[in-house]
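# Per-entry structural report
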Amino acid sequence: MRVYSSFEEMDRDLRYLKLQQQVHQETMKLQVNEVKESLSAVSILSNIVGSIAKKAVVLKVVNKLIGLKK
């Protein structure tokens, strides 16, 4: 536990703690918004489409390399 020698020291530390709390609150708000964006329907759909497209390209390249035709 800290021992203060003046009210100014206490006020300074209290202001610091209040600012630190505000920074943490804003950080949490940003993180919540990032999670909301990552879970949005558009984001999920674009991830699915991108994944399917990548797999289709890889499958096509592999088929050409090993000479399979469908």
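Look above for the structure.
Below: a short report on this structure. Everything numeric here is computed off the predicted structure, so don't read it as measured data. (Residues numbered from 1 in each chain as written. Predicted model: local features only at pLDDT ≥ 70, side-chain atom pairs only at ≥ 80, totals over all residues. Heavy atoms only, no water.)

### Let's talk about the pattern of salt bridges
What counts is decided by this rule: One speaks of a salt bridge when a side-chain nitrogen belonging to Lys or Arg is within 4 Å of a carboxyl oxygen belonging to Asp or Glu. Helical segments are the DSSP runs of H or I of at least four residues, strand segments are the runs of E of at least two, and each set is numbered from the N terminus. Working definition: with a 1.4 Å probe on protein chains only, accessible area under 20% of the residue-type maximum means buried, over 50% means exposed, and in between means partly exposed.
As enumerated under the stated definition, the model contains four salt bridges in all. Notably, a salt bridge pairs Arg2 with Asp13, separated by 2.7 Å at the nearest N-O pair. Taken together, the residues span a long stretch of sequence, with Arg2 in the segment before α1 (7-38) and Asp13 in helix α1 at a distance of 11 residues. Note on Asp13: relative accessible area 17%, which makes it buried. Arg12 is the salt-bridge partner of Asp13, the closest N and O atoms lying 3.6 Å from each other. Linked by salt bridges that have partners in common, Arg2, Glu9, Arg12 and Asp13 make up one network.

### With respect to the side chain of Glu9
Just so we agree on the cut-off: Identification of polar contacts relies on pairs of N or O atoms within 3.5 Å, with a donor-acceptor requirement for protein atoms, meaning one able to donate a hydrogen and the other able to accept it, and with residues adjacent in sequence counted only if both atoms are side-chain atoms. The contact definition used throughout considers only heavy atoms, calling two residues in contact when any of these lie within 4.5 Å.
By secondary structure assignment, the location of Glu9 is in helix α1. Polar side-chain contacts of Glu9 include one of 2.6 Å to the side chain of Ser5. If near-sequence neighbours (up to four positions away) are discounted, Glu9 is found in contact with Arg2 and Tyr4.

### Notes on a nonpolar patch on the surface
What counts, and what does not: Without a salt bridge and with relative accessible area above 30%, a residue can belong to a patch; like charges are then joined within 9 Å and nonpolar side chains (Val, Leu, Ile, Met, Phe, Trp, Tyr) within 5 Å. The method behind every accessible area is Shrake-Rupley, applied with a 1.4 Å probe, and residues are considered shielded solely by the protein chains displayed.
Taken together, the side chains of Val57, Val58, Val61, Val62, Leu65 and Ile66 define a hydrophobic patch exposed on the protein surface, amounting to about 570 Å² of accessible area. Looking at the element boundaries, Val61 is found in helix α2 (residues 41-66).

### A word on α2
The criterion, for reference: To estimate the expected span of a helix, subtract one from its residue number and multiply by 1.5 Å.
When the terminal C-alpha atoms of α2 are compared, their 37 Å separation across 26 residues agrees well with the 38 Å that a helix rising 1.5 Å per residue should span. Burial analysis of α2 places just two of its 26 residues in the buried class, which makes it a mostly uncovered element. Of the residues trailing α2, Gly67 is marked for its positive phi of about 80°.

### Topic: the environment of Val58
With respect to the helices and strands, Val58 occurs in helix α2. Residue Val58 is classed as exposed on the basis of its relative accessible area of 51%. Val58 sits 37 residues away from Gln21 along the chain, and the two C-alpha atoms are 49 Å apart.

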